[in-house]
Amino acid sequence: MPAIVAGGIAETDIPHAITNLYTVQGAAGTSRSTKSTSYVPVDDMAITVNPDLSCGAIAMFTGSAEQYGAINEYLELGIAIYLDGAMLAETLFSPYARLDQVWDDWAGMWIYVPRVTRQNVSIVTAVTNLPAGQHTFQVYFRGNAGFITDLGNRLLERSLTVMLFYR
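Note that the structure is predicted; figures quoted are calculated from it, not measured. (Residues numbered from 1 in each chain as written. Predicted model: local features only at pLDDT ≥ 70, side-chain atom pairs only at ≥ 80, totals over all residues. Heavy atoms only, no water.)

(A) Representation of the overall build of the protein chain. A tally of helices and strands in the protein chain yields 0 helices and 14 strands. Of all 167 residues assigned to the protein chain, the portion counted as buried reaches 40%. Counted over contacts in the protein chain with a minimum sequence separation of 6, partners at least 24 positions apart contribute 76%. As displayed, the protein chain offers around 9,100 Å² of accessible surface, 52% of which is attributable to carbon and sulfur atoms. (Helix = DSSP H or I, 4+ residues; strand = E, 2+ residues; numbered from the N terminus. Buried < 20%, exposed > 50% of the residue type's maximum accessible area, 1.4 Å probe, protein only. Contact = heavy atoms within 4.5 Å. Areas by Shrake-Rupley, 256 points an atom, 1.4 Å probe, with all protein chains shown as cover.)

Here it is as structure tokens:
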């Protein structure tokens, strides 16, 4: 039985040579942020393709993310890949953040220090039959509604890759 790669496409269905490969990366040292609790597009993470014939496609997103805004220990942030405005796949993740109370020798008192972890995030999805014509793959993301305020999702390193292949 062949190994499933993504979205129901079996390893044997993928050709030895990819016909088209598109990649877009976020500029080094930049980040994209949102406090929206609904999915919104990441402005620098879109790839438009225009195949002449119906083909298969695999879309992959990788990046690192962290929460910002109010500090909550565990919350659910989201990243998704959309095709022509419709969600193909999403991943939900929970970076860890909290306020730790530590003793400050210089101040001679207890102070609160924020601890926020970055989390690596990846999505791999596939389209078995992408019709000929123009199509846009786009990364979307969302924050989370907190008790008092919306909590943000900040994407740091990020890359979107789309591979087209014909059978």
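(B) Looking closely at the pattern of salt bridges. Evaluation of the coordinates by the stated rule reveals 7 salt bridges. Of the charged contacts in the structure, one is a salt bridge between R118 and E66, with a shortest N-O distance of 3.5 Å. Highlighted residues: R118 in the loop between β10 (109-116) and β11 (119-130) and E66 in strand β6 (residues 55-68), separated in sequence by 52 residues. Residue R142 pairs with E76 through a salt bridge whose shortest N-O separation is 3.3 Å. On the criterion of sequence distance, the pair formed by R142 in strand β12 (residues 135-142) and E76 in the loop between β6 and β7 (77-83) is long-range, its members being 66 residues apart. Residue R142 is classed as buried on the basis of its relative accessible area, which comes to 13%. (Salt bridge = Lys/Arg side-chain N within 4 Å of Asp/Glu carboxyl O.)

(C) Examining the nonpolar core more closely. One finds F61, I79, L130, F137 and L160 to be the most contacted residues of the largest nonpolar core, which totals 29 residues. Those elements that provide at least two residues to this core are β5 (40-49), β6, β7, β8 (86-93), β11, β12 and β14 (150-165). (Core = buried A, V, L, I, M, F, W, Y, C linked by side-chain atoms within 4.5 Å.)

(D) Quick peek at the sheet that holds β5. The 4 strands lie next to each other as β5-β12-β7-β8, forming an open sheet whose pairing is antiparallel. For this open sheet the edge positions go to β5 and β8, each flanked by a neighbour on one side alone. Across this sheet, the average inter-strand angle for adjacent strands is 15°, counted without regard to direction. In this structure, β7 lies alongside β12, joined through 6 bridges in antiparallel fashion. Residue L83 lies in a different strand from β12, and its bridge partner there is F137. (Pairing = 2+ DSSP bridges. Axes fitted to C-alpha atoms, helices over the stretch in contact; angles between N-to-C directions.)

(E) Examining the pairing of β12 more closely. Burial of β12 is extensive: 7 of the 8 residues sit out of reach of the surface. Inspection of the sheet shows β5 paired to β12 by 6 bridges, in the antiparallel sense. Looking at β12, one finds that T48 is bridged to T136.

(F) Spotlight on a nonpolar patch on the surface. A surface patch of nonpolar side chains, about 370 Å² in accessible area, is lined by W103, M109 and W110. Mapping W110 onto the fold places it in strand β10. (Patch = residues over 30% accessible without salt bridge, like charges linked within 9 Å, V, L, I, M, F, W, Y side chains within 5 Å.)

(G) Seen up close, the environment of L92. Locating L92 in the fold gives a position in strand β8. Here L92 falls in the partly exposed class, since its relative accessible area comes to 40%. Discounting residues that sit within four places of it in the chain, L92 has contacts with Y39, E76, L77, G78 and R142.

(H) Representation of the side chain of R158. Mapping R158 onto the fold places it in strand β14. A distance of 2.8 Å separates the side chain of R158 from the side chain of T30, its partner in a polar contact. Residues within four places of R158 in sequence aside, it is in contact with V24, Q25, G26, A27, T30, S31, R32, D44, M45, F61, T62 and G63. (Polar contact = N/O pair within 3.5 Å; in protein donor to acceptor, adjacent residues only side chain to side chain.)

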